[in-house]
Amino acid sequence: MKEPAVPVHSSDDDQGVLVIGISSRALFDLGESHAIYEARGLHAYSQYQMEHENEYLKPGVAFPLVKKLLALNEDEVGHPGVEVILLSRNSADTGLRIFNTIEHYGLKIERAAFTGGESPYRYMEAYGADLLLSTNAGDVRKALERGYAAATILPGGASRRDSGQLRIAFDGDAVIFGDEAERVFQERGLEAFSDSEAASANLPLSGGPFKPVLEALHKIQSAYPIENNPIRTALVTARSAPAHKRVVLTLREWGIRIDEALFLGGRSKGEFLKTFGADIFFDDQQIHINSAREHVASAHVPTGVANE
């Protein structure tokens, strides 16, 4: 088993701001130019991007999410706010098309790292980033190993049920929570898991990689009335009763509100996420991501026992 990563924290200058690093391929549709890179190499890709730098890119999988996140900064409610930073493997030359597109859509993204093919996750600490959303699974794994929240954005459909509210759904074990309960299930089976959870019902679960993200969202939510809130969160877990009790008591111990909690008892998650209308769903298990991505934007969190 790997030793747990040493947690990292945002810089003091952020004052509680939720800082999200996002890759250019997660934000915009770079499928055509990436295909040129795959087929013909870096020089051809660079040439293509510079020749088309005044042609705007289409929105990518995470574009609706980013637009709603940045919109939280536009009201006069006093909350910590959100900053989105572009972390791109492009060079400054090839990245010009991306910033032209950012300006075209009116996205208030002012900071960026263009690393010319190197992994940009290394700059997360310097920027004070809390979360990495990327299409590069290698970068995501490295960020998770350093103690950041990170997820691989996968191709799929955006939610067709858009109320205008930012809706984010999380799996529980190994995402919001640590993987100690999931490890019992994976190694010893359902009966042992149920017995263990019943015995530990009043013992809070440890925090997973996305606990700080949920805490930051909760702080923003808390600035608004519950009945008219721009953010709605959901826990969507394969757990069932009575294993739900430990989850509920853990969130209560943390002082975090989850707006909806769906205990599915092993049911496929896709239809439930479609009904919730998630702008993004985070899960550590590929089988659940495959179900979800048919209906909503989904991101794989490759950590915990299920990914060893």
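These numbers come from a predicted model, not from an experiment.

Bringing the overall build of the chain into the picture now. Tallying secondary structure elements over the chain gives 13 helices and 10 strands in all. In summary, the chain has a C-alpha radius of gyration of 19 Å against a globular reference of 19 Å for 308 residues, a match within 12%. If you line up the chain on its principal axes, its C-alpha atoms span 65 × 45 × 40 Å. In the chain, buried positions account for 51% of the 308 residues. Sequence-distant contacts in the chain: of pairs separated by 6 or more residues, those separated by 24 or more amount to 74%. For the chain, the accessible surface area stands at approximately 14,800 Å², while carbon and sulfur atoms represent 48% of it.

Phi is mostly negative for residues that are not glycine, and the peptide bonds are mostly trans. Residue Pro242 is bonded to the preceding Ala241 through a cis peptide linkage, with omega at 5 degrees. For Pro242, the location among the structural elements is in the loop between strand S7 (231-237) and helix H11 (244-254). In the Ramachandran plot, Ala174 falls in the positive-phi region, its phi being about 75 degrees despite a non-glycine side chain. When you line up the elements, Ala174 lands in the loop between strand S6 (166-170) and helix H8 (180-188).

On to the sheet that holds S7. In spatial order, the strands read S3-S2-S1-S4-S5-S10-S9-S6-S7-S8; together these 10 strands make up an open sheet with mixed pairing. For this open sheet the edge positions go to strand S3 (112-114) and strand S8 (260-263), each flanked by a neighbour on one side alone. Looking at each pair of strands side by side, their axes are set apart by 20 degrees on average, direction ignored. Of the pairings in the sheet, the one linking strand S4 (residues 131-134) to strand S5 (residues 149-154) comprises 4 bridges and is parallel in character. Across the sheet, the residue bridging to Leu131 is Ala149, located in S5.

Examined against the element boundaries, Lys269 turns out to sit in the loop between S8 and helix H12 (270-276). Residue Lys269 is classed as buried on the basis of its relative accessible area of 1%. A C-alpha to C-alpha distance of 9.5 Å links Lys269 and Ile287, two positions 18 residues apart in sequence. Excluding residues that lie within four positions of it along the chain, Lys269 makes contacts with Asp171, Val236, Thr237, Ala238, Leu264, Phe281, Asp283, His288 and Ser291.

In the structure shown here, the tally under the stated rule is 15 salt bridges. One salt bridge in this structure joins Asp179 and Arg183, with 2.9 Å as the shortest N-O distance. Pair check on accessibility: Asp179 and Arg183 agree, each one buried. Among the salt bridges present, the one from Glu260 reaches Arg232, with a minimum N-O distance of 2.9 Å. Of the two residues, Glu260 sits in strand S8 while Arg232 sits in strand S7, which places them 28 residues apart along the sequence.

Turning next to the nonpolar core. Ranked by size, the top nonpolar core spans 73 residues in total, and within it Leu27, Ile102, Ile109, Leu133, Phe170, Phe210 and Phe282 carry the most contacts. Excluding anything up to four places from it in sequence, Ile102 contacts Leu27, Phe28, Leu86, Leu107 and Ile109. With 12 residues, the next largest nonpolar core counts Leu154, Ala169, Leu264 and Leu273 among its residues.

The next subject is the confidence of the model for the chain. On average, residues of the chain score 90 in pLDDT, and 95% of them are at 70 or above. This model gives residues 1-13 a pLDDT under 50, and the stretch forms 15 contacts once residues within four places in sequence are excluded.

Our next topic: the packing of aromatic side chains. Aromatic rings in a pair are described by how distant their centres are and how their planes are angled relative to each other. If you walk through the whole model with that rule in mind, you get 10 aromatic pairs. Arranged with centres 6.0 Å apart and planes meeting at 75 degrees, the rings of Phe185 and Phe193 form a pair that is edge-to-face. A cation over an aromatic ring shows up here: Arg167 above the ring of Phe276, its NZ or CZ 5.2 Å from the ring centre. One residue, Lys211, lies across the ring of Trp254, its end atom 4.4 Å from the ring centre.

Packing of helix H3 (residues 42-51) against helix H5 (residues 92-104) brings their axes to within 8 Å, and their N-to-C directions diverge by 40 degrees. Relative to H5, the element H3 is oriented oblique. Crossing hand, H3 versus H5: left-handed. Contacts between H3 and H5 involve Tyr45, Ser46, Tyr48, Gln49 and Met50 from the first element and Asp93, Thr94 and Arg97 from the second. For the contact of H3 with H5, a count of residues per class yields 3 nonpolar, 3 polar and 2 charged.

On to the packing of H8 against helix H9 (residues 190-199). Orientation of H8 relative to H9, taken along the N-to-C sense of each, is 150 degrees, at an axis distance of 7 Å. When the interaxial angle is binned, H8 and H9 end up roughly antiparallel. Read as a crossing pair, H8 and H9 show a hand that is right-handed. Facing Ala181, Val184, Phe185 and Arg188 of H8, the residues of H9 in contact are Leu190, Ala192, Phe193, Ser196 and Glu197. Across the contact of H8 with H9, the residue classes tally to 6 nonpolar, 1 polar and 2 charged.

So, how was this worked out
- Residues numbered from 1 in each chain as written.
- Predicted model: local features only at pLDDT ≥ 70, side-chain atom pairs only at ≥ 80, totals over all residues.
- Heavy atoms only, no water.
- Helix = DSSP H or I, 4+ residues; strand = E, 2+ residues; numbered from the N terminus.
- Rg over C-alpha atoms; globule rule 2.2 N^0.38 Å.
- Buried < 20%, exposed > 50% of the residue type's maximum accessible area, 1.4 Å probe, protein only.
- Contact = heavy atoms within 4.5 Å.
- Areas by Shrake-Rupley, 256 points an atom, 1.4 Å probe, with all protein chains shown as cover.
- Pairing = 2+ DSSP bridges.
- Axes fitted to C-alpha atoms, helices over the stretch in contact; angles between N-to-C directions.
- Salt bridge = Lys/Arg side-chain N within 4 Å of Asp/Glu carboxyl O.
- Core = buried A, V, L, I, M, F, W, Y, C linked by side-chain atoms within 4.5 Å.
- pLDDT = per-residue confidence, 0-100.
- Phe/Tyr/Trp six-rings, centres within 6.5 Å; stacked < 30°, edge-to-face > 60°.
- Lys NZ or Arg CZ within 6 Å of the ring centre and 35° of its normal.
- Parallel < 35°, antiparallel > 145°, perpendicular 65-115°, else oblique.
- Left-handed = near helix turned anticlockwise from the far one by under 90°.
- Nonpolar A, V, L, I, M, F, W, Y, C, P; charged D, E, K, R; others polar.

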